[in-house]
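The primary structure of each chain is shown beneath.
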Amino acid sequence: MDTGTHVVMGFAIGGLATLDPVVAESTATSQSILIASLIGSQIPDIDTVLKLRNNAVYIRHHRGITHSIPAVILWPLVILAVIYPFFPEANLLHLWLWTFGAVILHVFVDIFNAYGTQALRPFSSKWVALGVINTFDPFIFGIHIVGLILWGFDFHPGYTFIAIYFVIFIYYLIRFQVQHAVKTAVKKRIPNAQKIIVSPTIKFYQWRLAIITKEHFYVARAYGRSITIFDEYNRVEIPDHAVIHAAKHDKNLAAFLSFSPVYRWEIDEYEDFYEVKFIDLRYRSNGHYPFVAVVQLDKEFNIVCSYTGWIFSEEKLRKKLEIIPD
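What counts as what
Counting restarts for each chain: residues are numbered from 1 in the order of the written sequence. With the structure being a predicted model, the display of local features is reserved for residues of pLDDT at least 70 and the display and counting of side-chain atom pairs for 80 or more, all residues being used for whole-chain, interface and lining totals. Each side-chain value is derived from all of the structure's non-hydrogen atoms; neither hydrogens nor water enter the calculation. Working definition: helices are DSSP H or I runs of at least four residues, strands are E runs of at least two. Numbering for both runs from the N terminus. Buried residues are those whose accessible area, probed at 1.4 Å on protein chains only, stays under 20% of the maximum for their type, while exposed residues exceed 50% and partly exposed ones sit between those limits. We call two residues in contact when some of their heavy atoms are within 4.5 Å. Using a 1.4 Å probe, the Shrake-Rupley method yields the accessible areas, and only the shown protein chains count as cover for residues. None of His or the chain ends enter the tally, which takes Lys and Arg as positive and Asp and Glu as negative. For this purpose, a charge sits on NZ of Lys, CZ of Arg, CG of Asp or CD of Glu. For a helix, the expected span equals 1.5 Å multiplied by the residue count minus one. By arc we mean the arc of the directions from the helix axis to the C-beta atoms, nothing more. What makes a nonpolar core is a set of buried Ala, Val, Leu, Ile, Met, Phe, Trp, Tyr and Cys residues whose side-chain atoms join them at distances within 4.5 Å. The definition of a polar contact used here is a pair of N or O atoms within 3.5 Å, where within protein one atom must be able to donate a hydrogen and the other to accept one, and adjacent residues in sequence count solely through side-chain atom pairs.

1. Here we look at the overall build of the protein
Scanning the protein from terminus to terminus reveals eleven helices and eight strands. With respect to the three principal axes, the spread of C-alpha positions in the protein is 75 × 45 × 35 Å. Within the protein, buried positions represent 47% of all 326 residues. Within the protein, contacts between residues at least 6 apart in sequence are counted, and of these 53% link residues at least 24 apart. Surface accessibility of the protein: about 16,400 Å² in total, with carbon and sulfur atoms responsible for 62%. If you average the places of the 29 positive and of the 28 negative side-chain charges in the protein, the two averages end up 8 Å apart.

Structure follows, in structure tokens:
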């Protein structure tokens, strides 16, 4: 989820903790849990700093090890080591329990969007992405804001957020039902679909679709059970070509391929260089596919420059390739 949603969820954990009798009877414990919950609701996304290095490192590692099982166990201990010295009167066990809950909730809710996490590491490096909730969901964020406002008006935060999370649970079930209806509609429209990648949008009934058959890729949009196909591409295997083999050694392309499950490719030959381009088909926006990886190689197949990331115009891509060396 987005940062704002994780923040309000941190407050929600702090509110729910007031139902714990040990927390309710200790000001030090309740205050420390609220602070720790806010930190715990954010700390798995500390890997966002990888963007400062480059997009390839960020794409390959974001929501990876920091969302793994060992990290979920480690983060609460790190937070306690920082928080507890300021609140020595706090109940250490309950401080750890609620901090642990905040970290788990962060990783858990991230599983439900299209990006997903590697939450099963170290047992599996597979990305777990259920694709039912958009990264920012107005309903989920909004109902948390309502809960915080009610808290401000002296409603009991524990009971308030229990009720809110029951409503959110029902909302998730509805989202799964809607997603299932979309997949059913796709199978009726394209019976030979082998894989359907469904990505939610900020609009409740609108979904992005990338559909794979034996011979084609389809890029579509669903609104309820209505399916609109925007683009159709022949599914062509990546050729056994020296320029492709050389390009795959590039860190930007390698990061792209580790992340993208459905893409098309292009090879262009110019007078003094080759250009290899991979285009993710999941993120069509206004007729454009903004998530790409591009590698330029000289005639001896040496990598000259490369880029991966979000580009919304060909002009900006050319500028990136001019200023970013491999």
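Picking up where we left off.
2. With respect to helix α3 (residues 27-40)
The terminal C-alpha atoms of α3 lie 19 Å apart, and with 14 residues this matches the ideal 20 Å at 1.5 Å per residue to within 8%. Buried within α3 are the following residues: Ala28, Thr29, Ser32, Ile33, Ala36, Ser37 and Gly40. Burial along α3 is one-sided: seen end-on, the buried residues are contained in an arc of 150°. Contact partners of the buried residues in α3: α1 (3-16), α2 (21-24), α5 (69-83) and α6 (92-110).

3. Details of the nonpolar core
With 38 residues, the main nonpolar core has Ile133, Ile140 and Tyr172 as its most contacted residues. When residues of this core are traced back to their parent elements, those giving at least two are α1, α3, α5, α6, α7 (138-152) and α8 (157-189). In this structure, Ile244, Phe259, Tyr274 and Val276 belong to the second largest nonpolar core, which totals 18 residues.

4. A few points about the side chain of Asp45
Inspection of the secondary structure assignment puts Asp45 in the loop between α3 and α4 (55-61). A distance of 3.4 Å separates the side chain of Asp45 from the side chain of His67, its partner in a polar contact. Among all residues touching Asp45, those that are not within four sequence positions of it are Met1, His6, His62, His67, His106 and Asp110.

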